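Examination of the molecular architecture
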Amino acid sequence: QKEVEQNSGPLSVPEGAIASLNCTYSDRGSQSFFWYRQYSGKSPELIMFIYSNGDKEDGRFTAQLNKASQYVSLLIRDSQPSDSATYLCAVNRYNFNKFYFGSGTKLNVKP
Amino acid sequence: DTEVTQTPKHLVMGMTNKKSLKCEQHMGHRAMYWYKQKAKKPPELMFVYSYEKLSINESVPSRFSPECPNSSLLNLHLHALQPEDSALYLCASMGTGGPTGELFFGEGSRLTVL
């Protein structure tokens, strides 16, 4: 079983819609959860991190965490073509330097 | 300012060459990382330095040799590489957000081995 699992996509949404990206993890000791955006040929860029159950909002982005279900999601409201990228989910645990990455979900936002 | 600087951005080398990748951060972060990323794959951990000491080596072949001269610098020395080592090499440092810290990546060094 992989540490972090994501649907590889592609996930296609029309411009202006809500994109919903999902991630599950296997280690119940995981404490921090991250979403990175990666454009083709570029390095991953941190969008958000969350460590408490519930929702965390930052502009058009909302991260949701449910530790009981071992589930993390990222919602992108009012999706724009510039949001088209691969979104990587990552997890980490306290006092542990190893970050586990999912395989990424490719998002296509169609104009 | 969260910035990790990597040089060179592009590197082409032959299988008999010796070259180095360099990474620098001035955010006071105490853990630094090397990742390798192939096309359409997630980053794959290679090495972690914590407080300038090697703390994780993910069974990387000895043709890759990391070095951490000080808390701001991280090098990756390359020797006798194979064409399959061609990839994007990412340096990252770990910040202090949340309970575990977050990773900040540099722009990467794209390596081509001929």
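One can find the structure itself at the top, above this paragraph.
In short, a report on the structure. (Residues numbered from 1 in each chain as written. Chains lettered and ligands numbered in written order. Predicted model: local features only at pLDDT ≥ 70, side-chain atom pairs only at ≥ 80, totals over all residues. Heavy atoms only, no water.)

Regarding the packing of aromatic side chains
Here is the rule we go by: Two rings belonging to Phe, Tyr or Trp (six-membered ring only in the last case) form a pair when the distance between their centres is within 6.5 Å. Interplanar angles under 30 degrees mark stacking, angles over 60 mark edge-to-face geometry, and anything in between is tilted. Working definition: with a 1.4 Å probe on protein chains only, accessible area under 20% of the residue-type maximum means buried, over 50% means exposed, and in between means partly exposed. Geometrically, a lysine NZ or arginine CZ counts as sitting over a ring once it is within 6 Å of the ring centre and also within 35 degrees of the ring normal.
Applying the stated rule across the entire model yields 13 aromatic pairs over all chains. With 4.7 Å between their ring centres and 45° between their planes, Tyr 25 of chain A and Phe 33 of chain A make a pair best called tilted. Phe 33 of chain A shares its class with Tyr 25 of chain A; the two are buried. Aromatic rings pair up to connect Phe 34, Tyr 36, Phe 49, Tyr 51, Phe 99 and Phe 101 of chain A together with Tyr 33, Tyr 35 and Phe 105 of chain B into one cluster. Lying across the ring of Phe 49 of chain A, Lys 56 of chain A places its NZ or CZ 4.2 Å from the centre. Above the plane of the ring of Phe 61 of chain A lies Arg 60 of chain A, whose end atom (NZ or CZ) is 5.5 Å from the centre.

Focus: unusual backbone geometry
Residues and elements named next belong to chain A. Stated formally: The helix and strand labels rest on DSSP assignments: H or I over at least four residues marks a helix, E over at least two residues marks a strand, and numbering proceeds from the N terminus.
Gly 9 connects to Pro 10 through a cis peptide bond whose omega is 10°. Mapped onto the elements, Pro 10 comes out in the loop between β1 (4-5) and β2 (11-14). Despite not being glycine, Gln 70 shows a phi value in the positive range, around 55°. Note on placement: Gln 70 falls in the loop between β7 (61-66) and β8 (71-76).

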